[in-house]
Amino acid sequence: MLDYSDLGLQLAWPLAMTLAWMAGELVYRWTALPRIAVYGLAGFVFGNLAAGYLPPSEAKNFMWLANLGLGLILFELGYRINLRWLKNNPWIVVTSVLEAVCTFGVVYLVSWYFGMERLPAALTASLAMSSSPAGLLRVLNEQGASGQVTERAMHLTALNCVMAVFTFNIVVGIGVFQTSGDLTHAAGSSLLVLVASAGLGALFGALVPFWLRIIDASRDGTLAFALAVVLLVAITSVLPLSPVLAALTFGLVARHRRIALSPAQRNFGVLGDLLAVLMFFFVATKVQVEHIGGGLALGLLLVAVRAVVKVGICTAFARVSGISARKGALSGLALTPMAVFAILLMEQTRWIGVDLFDSLAPLAAVMLLLDVAGPILTQRAVVWANETRAGKEA
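Note that the coordinates shown come from a computational prediction; the quantities given were computed from them, not determined experimentally.

Peer 1: Just checking my understanding: could you explain the packing of helix α7 (residues 133-143) against helix α17 (residues 363-384) for this structure?
Peer 2: Each pair of packed helices gets described by two things: the angle between the helix axes and the distance between those axes. Following both chains from N to C, one finds α7 and α17 inclined at 45 degrees, their axes separated by 9 Å at the closest point. With respect to α17, the element α7 is oriented oblique. Every pair of crossing elements has a handedness; the one defined by α7 and α17 is right-handed. Contacts between α7 and α17 involve L136, V139, L140 and Q143 from the first element and P375, T378, Q379, V382 and V383 from the second.

Structure, rendered in structure tokens:
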């Protein structure tokens, strides 16, 4: 006999994501707000207000798929990074380093001043350094954005990701060492993981273009790159390494192996769209409503402080790096998204036995705010810079 209760549990996640996608399409058509902001809000609703509807037993599988979605986006981001441009205009690198360092320092001091312990404050600050490539690229591709603000935001985001992952893993390694006293375990969770992840990504970046040349398919390697990212995320999950650095390095090296990026690879077509719905919906279910109440005031303050630092530094170094102060400020505003990248980074620490969600409870408010507001602010930044498809046609 058919067990309808078991059937309902199996359909819970697919049905919830379908409803989130439908809501995203309707809101986008009615208001032109980014779809991913609606996916995130729907995930929070189903994960909290509809508590018990989504079976936690399925969450591990969806976590892997969310990492795959992020892996595809990181590969695309790495593919669109121009190292020659960074070499010719080192002020972009200077801007990124100062912006990330100042963000870490200010967020750490504010968090510690308002009562957080030093280690959680450092973890919060390292996450605040980052900008979410998922939130940024989905909005840019949705808007058909191109121009100075768009390119600068992508390059700053890529640099931020690398620095945030490095800092976060070092801080986690210090925490592991403090609790376990095992220096080998601590080193394995930090610097060695980063080096191995980047090395694995570079290996894929060399081998996949080589394979495409052998089979004479270098003009459109969409399927090959997608399958390679699937394999890369699987390997980094099993070992475990950092899928963030591995996928980003993969895209960066593959681009400079002179394989052309075809239009089909932007967002990876239907596969990328499907995984985007899953990823933004799933990560929002990880934000627990009970954490938001106690951390809301601090969360709002951290969001404001982070935004002021990023916009301020990007504005201050705009003219020396070749753009107007206004476009520099808009570039900083475009860096607002953080939630998806930060939550998946926090989830990965569970593989080494560290659960950060409870110790970083005030960060839940930051995640919810930036999961919804971040993509909207990125969209506004490229619209105000007149770099969207609609802006160019007007």
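Peer 1: Explanation requested: the environment of A37 in the structure shown.
Peer 2: Within the element layout of this structure, A37 appears in helix α2 (residues 35-49). When its relative accessible area of 6% is taken as the criterion, A37 is described as buried. Considered as a pair, A37 and G135 are 98 residues apart in the sequence and their alpha carbons are 8.7 Å apart. Discounting chain neighbours no more than four positions away, the residues touching A37 are D371, V372, P375 and I376.

Peer 1: Please clarify how the packing of aromatic side chains should be interpreted in this entry.
Peer 2: Aromatic ring pairs are reported here in terms of the distance separating the ring centres and the angle at which the planes meet. Taken as a whole and judged by the stated rule, the model has twelve aromatic pairs. Pairing W13 with F281 gives two aromatic rings, centres 6.1 Å apart and planes at 80 degrees, and the pair type is edge-to-face. Of the two residues, W13 is situated in helix α1 (residues 4-31) and F281 in helix α13 (residues 269-285); the sequence distance between them amounts to 268 residues. Residues W13 and F281 agree in their burial class; the two are buried. Relative to F250, the ring of F204 has its centre 5.9 Å away and its plane inclined at 75 degrees; by these criteria the two rings are edge-to-face. Of this pair, F204 sits in helix α10 (residues 191-214) while F250 sits in helix α12 (residues 243-255), placing them 46 residues apart in sequence. As far as burial versus exposure is concerned, F204 and F250 are alike and both buried. Members of the aromatic cluster, joined through ring pairs, are F75, Y79, F204, F225 and F250.

Peer 1: I'm lost on helix α6 (residues 118-128) in this one. Help?
Peer 2: In an α-helix, one turn spans 3.6 residues; hence positions three or four apart end up facing the same way. In terms of burial, α6 is largely enclosed, as nine of its eleven residues are buried. Listed as buried for α6 are P120, A121, A122, L123, T124, A125, S126, L127 and A128.

Peer 1: What exactly am I supposed to notice about α7 here?
Peer 2: Burial within α7 is extensive, with eleven of its eleven residues counted as buried. Burial in α7 covers these residues: P133, A134, G135, L136, L137, R138, V139, L140, N141, E142 and Q143. Of the residues one or two after α7, G144 is the one with positive phi, at around 60 degrees.

Calculation criteria
- Residues numbered from 1 in each chain as written.
- Predicted model: local features only at pLDDT ≥ 70, side-chain atom pairs only at ≥ 80, totals over all residues.
- Heavy atoms only, no water.
- Axes fitted to C-alpha atoms, helices over the stretch in contact; angles between N-to-C directions.
- Helix = DSSP H or I, 4+ residues; strand = E, 2+ residues; numbered from the N terminus.
- Parallel < 35°, antiparallel > 145°, perpendicular 65-115°, else oblique.
- Left-handed = near helix turned anticlockwise from the far one by under 90°.
- Contact = heavy atoms within 4.5 Å.
- Buried < 20%, exposed > 50% of the residue type's maximum accessible area, 1.4 Å probe, protein only.
- Phe/Tyr/Trp six-rings, centres within 6.5 Å; stacked < 30°, edge-to-face > 60°.

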